[in-house]
Amino acid sequence: MDVNGTVAEGFEPVREAFVRNFEVLGDRGAAVAVYRDGRLVVDLWAGTKDVDGTADSAPWERGTAQIVRSATKGVAAAALLLLHQRGLLDLDAPVGEYWPEFKAVGKERVLVRHVLSHRAGLPVLDRPLTPGEALDPLRGAEAVARQALVWEPGTDHGYHALTYGWLLGELVRRVTGRGVGEWIAEEIAGPVGADLWVGLPAAEAGRVGRAGRVEAPGNAGGLRSRPKRSVAEAYDDPASLTRRAFAAITPFPDQNDPAYRAASLPATNGIATAEGLARFYASLVGEVGGGPRLFTPGTLAAARAEESAGPDRVLVINTRFGLGYMLHGSASPFLDAGSFGHPGRGGSLGFADPESGIAFGYVTNGFSKTVTADARAQALVRGVRAAL
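In every chain, residue numbers begin from 1 and rise along the written sequence. Two thresholds apply to this predicted model, a pLDDT of at least 70 for residue-level local features and 80 or more for giving and counting side-chain atom pairs, whereas whole-chain, interface and lining totals are computed over all residues. For side-chain calculations, the full set of non-hydrogen atoms in the structure is used, while hydrogens and water are omitted.

## As for the nonpolar core
Counting 128 residues, the largest nonpolar core has Leu284, Phe295, Tyr325 and Phe360 as its most contacted members. Each helix corresponds to a stretch of at least 4 residues labelled H or I by DSSP, and each strand to a stretch of at least 2 residues labelled E; elements are numbered beginning at the N terminus. A total of 9 residues in this core trace back to one element, the largest contributor, which is helix H2 (residues 72-85). Residues are treated as being in contact if the distance between any of their heavy atoms lies within 4.5 Å. Those residues in contact with Phe295, other than ones at most four positions away along the chain, are Ala78, Leu81, Leu82, Gln85, Ser283, Leu284, Leu300, Ala303 and Tyr325. Residues belong to one nonpolar core when they are buried, are Ala, Val, Leu, Ile, Met, Phe, Trp, Tyr or Cys, and are joined through side-chain atoms within 4.5 Å. For each residue, the accessible area found with a 1.4 Å probe, counting protein chains only, is set against the maximum for its type, and the residue is called buried under 20%, exposed over 50%, and partly exposed in between.

Encoded structure:
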């Protein structure tokens, strides 16, 4: 395997893990980037741009980007937290204060804080959206506004796999008058120089590889290769909250469709380079290349303060969330106790660990069956840990 890029002295274990991901864990095309204290110390890429990996496939290059699925949620969460930081949004205000139509069918008590911490009680849609409807952000917001609660807001938590995006996106639109993808481009990605998008511009479409499912042999990553029976049953049961949450768009769109990639779905369709994802997280906790630090110490503390913990009513495992971010734990191990970030279903991962100064980004065109803790990403995290 030809691996391109560089690693700083001492970070060789990350390169070793990256090579092994291709040799043992089924990676076809991928990249990993790590910042430490604002300095890029790992910048590696390998394989083919398209998951198919045929002989005539273009090679993965430094600027190759990929859809990162739910790792998008960590980027989108920063939009609401920055609006709060600027005094434009109260985290403890009812969502209906900014979005009056949302108060329908008993949702007056849903707070902005509940949206970010997956405590809003709205993980499903009784009538799922079609793929065509899902590409219109207004249709998603209208559907969520009509939806009744599954549980009393603030009393429990469950992963809002798809509805999170419409909840968050409409709040950004109501407060700023701009779509969430536009806001992220102008207020986050642009200022910090990160190659990431929620709503891929046509001019960048050629950089994005074709994604698809891959199978890795065995349990080489050291994590459980088969889910617990209760988890498997939840995904198999059409009536479960698990299946219904992930089926809020039915059937799910083709993630290689240019129309899907160009839409703005801040729960699922962000596109990034590994370096762009790592740079974003590095910019949350410090300055990178003269760019701005995005989060004040107070906002950073709020982002990673535990809001939800314990049995997740949707994922059927124990999860931990701060405000918009997963926190280090058994469901999604990051670097250490203070780490915060978000995985993407099937592989991608972005996080920051303020105590060590580490910011991490991994993107791949090969999606595995994992939801929160992919073996390839975890192998790379262990490589980072070994380097410190």
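Don't stop here, the text continues.
## A few points about the pairing of strand E12 (residues 349-353)
Judged by how many residues are buried, E12 sits mostly within the fold: 5 of 5 residues are covered. Residues Leu349, Phe351 and Asp353 of E12 are buried on one face, and the alternating residues Gly350 and Ala352, pointing to the opposite face, are buried as well. For two strands to be treated as a pair, DSSP must find no fewer than two bridges joining them. Relative to E12, strand E11 (residues 340-343) is paired through 4 bridges, and the arrangement is antiparallel. Each bridged residue has a counterpart across the sheet, and for Gly341 the counterpart in E12 is Phe351. Taking the residues between adjacent antiparallel strands as the criterion, E11 and E12 are bridged by 5 residues, where Gly346 takes a positive phi near 100 degrees.

## Let's talk about the sheet that holds strand E4 (residues 66-67)
Strand order in this open sheet of 3 strands is E4-E7-E5, and the pairing throughout is antiparallel. The sheet is open, and its two borders are formed by E4 and strand E5 (196-197), each paired with just one other strand. Pairing between E5 and strand E7 (residues 271-272): 2 bridges, direction antiparallel. Bridged to Trp197 within E7 is Ile271.

## A short note on the packing of aromatic side chains
Ring pairs shown here join Phe, Tyr and Trp side chains whose ring centres sit within 6.5 Å, with only the six-membered ring taken for Trp; geometry is labelled stacked below 30 degrees between planes, edge-to-face above 60, and tilted in between. Within this structure, the stated rule accounts for 12 aromatic pairs. Between the aromatic rings of Trp99 and Phe102, the centroid separation amounts to 5.0 Å while the plane-to-plane angle is 40 degrees, which identifies the pairing as tilted. The exposure classification of Trp99 matches that of Phe102, with both residues buried. Aromatic rings pair up to connect Tyr159, Tyr235, Phe246 and Phe321 into one cluster. Taking NZ or CZ as reference, Arg69 lies 3.8 Å from the ring centre of Phe367, over its face. As a reminder, the over-ring test applies to NZ of lysine and CZ of arginine, requiring each to be within 6 Å of the ring centre and within 35 degrees of the ring normal.

## Remarks on the pairing of strand E8 (residues 308-311)
Sheet analysis places E8 next to strand E9 (residues 318-321), joined by 4 bridges and oriented antiparallel. Bridging across to E9, Ser308 finds its partner in Phe321. Two successive antiparallel strands, E8 and E9, enclose a turn made up of 6 residues, where Val316 displays a positive phi of approximately 60 degrees.

## Looking at the pattern of salt bridges
Note on definitions: salt bridges are taken to be side-chain nitrogens of Lys or Arg within 4 Å of carboxyl oxygens of Asp or Glu. Applying the stated rule across the entire model yields 22 salt bridges. For the salt bridge of Asp52 with Arg210, the shortest nitrogen-to-oxygen distance reads 4.0 Å. A residue pair is termed long-range when its members are at least 10 positions apart, and Asp52 in the loop between strand E3 (39-47) and E4 and Arg210 in the loop between E5 and strand E6 (212-213) qualify at 158 residues. Put simply, Arg178 and Glu186 hold a salt bridge, and the shortest N to O gap is 2.5 Å. Connected through salt bridges with shared partners, the residues Arg86, Arg178, Glu186 and Glu187 form a single ionic network.

## Here we look at helix H7 (residues 163-176)
Given a helix with a known number of residues, its expected span is that number minus one, times 1.5 Å. Over its 14 residues, H7 runs 20 Å from end to end, which matches the ideal 20 Å to within 8%, given 1.5 Å per residue. With respect to burial, H7 is a largely interior element, 10 of its 14 residues being buried. Along H7, the residues classified as buried are Thr163, Tyr164, Gly165, Trp166, Leu167, Leu168, Gly169, Glu170, Leu171 and Val172. If you follow the buried residues of H7, they end up packed against H2, helix H3 (95-98), helix H4 (112-116), helix H5 (131-134), helix H6 (137-146) and helix H8 (180-192). Trailing H7 by a residue or two, Gly177 shows a phi angle of about 80 degrees, which is positive.

## Things to note about the environment of Ala274
Examined against the element boundaries, Ala274 turns out to sit in helix H12 (residues 274-285). For Ala274, a relative accessible area of 3% translates into the label buried. Separated by 217 residues in the primary sequence, Ala274 and Ser57 have C-alpha atoms spaced 20 Å apart. Setting aside residues up to four positions removed in sequence, Ala274 forms contacts with Ala31, Val32, Ala33, Gly361, Tyr362 and Val363.

## Digging into the environment of Ala387
With respect to the helices and strands, Ala387 occurs in helix H14 (residues 375-387). On the accessibility criterion, Ala387 (18% relative accessible area) is buried. Spatially, the C-alpha atom of Ala387 lies 40 Å from that of Gly154, the residues being 233 residues apart in sequence. Aside from chain neighbours lying at most four places away, what touches Ala387 is Gly10 and Phe11.

Spatial relationships are all this shows, so hold off on functional conclusions.
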